[in-house]
There are 2 protein chains.
Amino acid sequence: MNSRPGAKMADIARLAGVSASTVSRALAGSPLVTALKREQIHRLAHERGYVINATARNLRLQRTQTLSVAIPSGHATSQPLTDPFLMEMLGHLADTITQRGYGMFLQKVVPPMVDWLPQLIASHRSDGIIVIGQSTEHAALEAAAARYKPLVVWGGHLARQSYCTVGSDNVGGATAAVAHLIRAGRQRIVFLGDPAVPEIGLRYHGYQLAHECAARQPVLPPIIPTHLTADAAHEAMRAFIAASGSFDAVFGATDVIAVSALRAISAAGLAVPREVAVVGFDDIALASHANPPLTTVRQDLQRGAHELVDLLFRRLEGEDTPSVVMPAELVVRESSG
Amino acid sequence: MNSRPGAKMADIARLAGVSASTVSRALAGSPLVTALKREQIHRLAHERGYVINATARNLRLQRTQTLSVAIPSGHATSQPLTDPFLMEMLGHLADTITQRGYGMFLQKVVPPMVDWLPQLIASHRSDGIIVIGQSTEHAALEAAAARYKPLVVWGGHLARQSYCTVGSDNVGGATAAVAHLIRAGRQRIVFLGDPAVPEIGLRYHGYQLAHECAARQPVLPPIIPTHLTADAAHEAMRAFIAASGSFDAVFGATDVIAVSALRAISAAGLAVPREVAVVGFDDIALASHANPPLTTVRQDLQRGAHELVDLLFRRLEGEDTPSVVMPAELVVRESSG
DNA sequence: TTGAAAGCGCTACCAC
DNA sequence: GTGGTAGCGCTTTCAA
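Here we summarise the structure given alongside this text.

1. Side note on the relation of the copies chain A and chain B
(1) Moving on: Here chain A sits on chain B after a turn of 180° about the axis and a move of 0.0 Å along it, with an RMSD of 0.1 Å. The relationship between the two copies is best expressed as a two-fold rotation axis. Ranked by how close their C-alpha atoms come to the rotation axis, the residues of chain A are headed by A:Phe105, at 2.3 Å.
(2) Moving on: Comparing contact sets, 100% of the residues at the interface of chain A also lie at the interface in chain B, consistent with an isologous, same-surface contact.

Rendered as structure tokens:
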């Protein structure tokens, strides 16, 4: 392991008294080269700390053994990448991809996001792409998917969409959450989140559905924070309360939003869950640690990550995989009474 | 942007009626090619969705415009990569690296970890390496740093270490935390964490120092959970209480450990902070949301990420940068009374 | 100002 | 079984 810097295959070949071809074959475990020679070459390479140059290999083989993970950070904000949901998903993806012997190329996509996807594709940095969250990029995804197959997206499954998604049953999960609030006797349930983002839109749809099932009208328009961030949600909730909006429950489109609302509500002197019930979506670690612990809709991110990677590998082999919608489960805790 | 798949530079050259050399120069913004021609070529490339093949470019230039971020996952465990501290650091690194126009190659290092660092180096996948956490890899880092310069490590700064680290003042932070407990009248303070991990060892040193300053003996041996995970910490705390260990305070080596201890303590029917005070280290998001909110030592991870990347870039330019120790600040919340 | 040609380090074809 | 050779797509001399 005495790594002479910059040893290359030709050097190993010279030391072993064979050609580069043979070294290449030996290191690839080809049965063409005799076992003895193969072992000698392996030993020599190991002694010298020689490792195949990934760049040269990739160029020659026209593949990189690497998957890109792209994270569109939404709207016109350059917020740091600290959203707990994203981070959790990223962790699971790193595990799964590493386990399959691939590298992971991480790309944060910041506004203005022009042509980032075609560029990422054409740069040939990776063999396939996972995009976490549609954000505002539905159109870009549609366009790219028409020509580029090894692409999978975490997010909501929209009607007539041609790219492959993995995501939870946003409509069903949201319906269950809001129905739970209605059953608990809540009359004026506020939706907090921006329905323009596909996943959030589906959750808002579930919110409406639950009201219809109960023969109710959603009495309030949704509150739309400027971004999917904790601060924006906190401020939106605070402003709503200050404007003396009357309500007895909040359905936060994500846990980050719901927990922020929780704090704004407490800060305004309202008791949770007695005066206001709060429900979120995601079941990130924060949810069970909130005060009071947050009722929410659980998404199985580990399974989600597995599905994403699995589908992408199948696409790499030419299969035209369909989207996957995973069940989402209501987890009742104290914040909803 | 009508991306004909697989267009290469020669194709663009043919379409433009020039040679590949000229296209290369034009796209690189070379002043050698006339402004007019340069613009034509740019337009043509854009129309065709042509992007330079990163692999070929990297091979030719012998650099990748990519930094590796390696995460040793410690001990003999294949736990999923979900530690909030790591995730937060990763997010900041992604931001900083992206902002500097580099790609980020993420590598999770799982046991058995033989030669991962020399191999990562020799694979030439990236121009430099950031390692998050020394974990059990101090020796590997020492060995690699002797030959390979563009390497920086997040972690504790140990005596006579030859690799470049960025980290908080673990000793000072821990001393402040424990001194705070002693001032509050706590008599029997338990340390929860494994001092064999460099950063944790330094924090344990601070724990001892605070006792010495107060002319006290640490009355209890440290409790050593099997891993740096929430479950292991919870179990270690539970077992300690069940064995009727007597104590009135806990210093958790990380927030994840402290919050787990908090729960085990509450579950055992002990009141926090009345009967047992709890203090952590890191100030991750979880800390302020714990019940009661956790007193802890704040590390500025955003600044840490900036320092790491900045030092690495300076090393890429040949500078031999020294380590950086950042101040760590005690944040008093309710868990310590 | 431009183009031809060499070569980055590797793999795979083809001949022996 | 093994080695010579071509070529992956790009950048950069060097010569014109």
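Here the narrative resumes.
2. Focus on the sheet that holds strand β7 (residues 249–252) of chain B
Residues and elements named next belong to chain B.
(1) Moving on: Strand order in the open sheet formed by three strands is β6-β7-β8, and the pairing between neighbours is parallel. Strands at the two margins of the open sheet, each flanked by one partner only, are β6 (189–192) and β8 (277–279). In this sheet, adjacent strand axes meet at a mean angle of 20° when their direction is disregarded.
(2) Moving on: Both β7 and β8 contribute to a ladder of three bridges, which runs parallel. The residue of β8 that forms the bridge with Val250 is Val278.
(3) Moving on: Sitting on the sheet, helix α9 (residues 198–213) is in contact with β6 and β7, with an inclination near 170° to β6.

3. Things to note about the nonpolar core
(1) Moving on: Grouped together as the largest cluster of nonpolar side chains are 150 residues, with contacts concentrated most on A:Met237, A:Phe247, A:Phe251, B:Met237, B:Phe247 and B:Phe251.
(2) Moving on: Sequence-distant contacts of B:Phe247, defined by excluding residues within four places in its chain, comprise B:Arg188, B:Val190, B:Leu220, B:Met237, B:Phe240, B:Ile241, B:Ile265, B:Leu270, B:Glu275 and B:Val276.
(3) Moving on: Grouped together as the second largest cluster of nonpolar side chains are 19 residues, A:Val109, A:Leu120, A:Val153 and A:Tyr163 included.

4. Quick notes on the interface of chain A and chain B
(1) Moving on: Between chain A and chain B, the residue contacts involve 46 residues of the former and 47 residues of the latter.
(2) Moving on: Summed over both partners, the interface of chain A with chain B buries about 4200 Å², with 62% contributed by carbon and sulfur atoms.
(3) Moving on: Along the contact surface separating chain A from chain B lie two salt bridges.
(4) Moving on: For the salt bridge of A:Asp95 with B:Lys108, the shortest nitrogen-to-oxygen distance reads 2.5 Å.
(5) Moving on: If you look at where chain A meets chain B, you find twelve residue pairs in polar contact (both at pLDDT 80 or more).
(6) Moving on: At the level of elements, α4 (54–61), α5 (84–99), β2 (103–109), α6 (116–122), α11 (255–267) and α12 (285–289) of chain A are the ones that each hand at least two residues to the side of chain A that touches chain B.
(7) Moving on: Considering every element that reaches the side of chain A that touches chain B, the biggest residue donor is α5(A), with six residues.
(8) Moving on: Where β2(A) meets strand β2 (residues 103–109) of chain B, three bridges bridge the pair, whose relative direction is antiparallel. Across the sheet, A:Leu106 pairs through a bridge with B:Met104, a residue of β2(B).

5. Structural notes on the sheet that holds strand β8 (residues 277–279) of chain A
Residues and elements named next belong to chain A.
(1) Moving on: Read from one edge to the other, the open sheet built from three strands follows the order β6-β7-β8, with strand pairing classed as parallel. The open sheet is flanked by β6 (189–192) and β8, the only strands paired with a single partner. Put simply, the sheet's adjacent strands are angled 20° from each other on average, direction ignored.
(2) Moving on: Against the sheet, helix α8 (residues 170–183) engages β6, β7 (249–252) and β8, with an angle of about 170° to β7.

6. Digging into the protein's contact with DNA strand C
(1) Moving on: DNA strand C sits among 24 residues. The nearest are A:Met9, A:Tyr50, A:Arg60, B:Thr22 and B:Lys37.
(2) Moving on: Looking at DNA strand C alone, sugar and phosphate atoms form 67% of those within 4 Å of the protein.
(3) Moving on: At 3.2 Å from a base nitrogen of DNA strand C is found a side-chain nitrogen or oxygen belonging to B:Ser21.
(4) Moving on: Those elements giving two or more residues to the surface near DNA strand C turn out to be α2 (20–27) and α4 of chain A together with α2 (20–27) and α4 (54–61) of chain B.

Basis of the calculations
- Residues numbered from 1 in each chain as written.
- Chains lettered and ligands numbered in written order.
- Predicted model: local features only at pLDDT ≥ 70, side-chain atom pairs only at ≥ 80, totals over all residues.
- Heavy atoms only, no water.
- Least-squares fit on C-alpha atoms with pLDDT ≥ 70 in both.
- Contact = heavy atoms within 4.5 Å.
- Pairing = 2+ DSSP bridges.
- Helix = DSSP H or I, 4+ residues; strand = E, 2+ residues; numbered from the N terminus.
- Axes fitted to C-alpha atoms, helices over the stretch in contact; angles between N-to-C directions.
- Core = buried A, V, L, I, M, F, W, Y, C linked by side-chain atoms within 4.5 Å.
- Buried < 20%, exposed > 50% of the residue type's maximum accessible area, 1.4 Å probe, protein only.
- Buried area = accessible area lost by both parts, 1.4 Å probe.
- Salt bridge = Lys/Arg side-chain N within 4 Å of Asp/Glu carboxyl O.
- Polar contact = N/O pair within 3.5 Å; in protein donor to acceptor, adjacent residues only side chain to side chain.
- Near = heavy atom within 4 Å.

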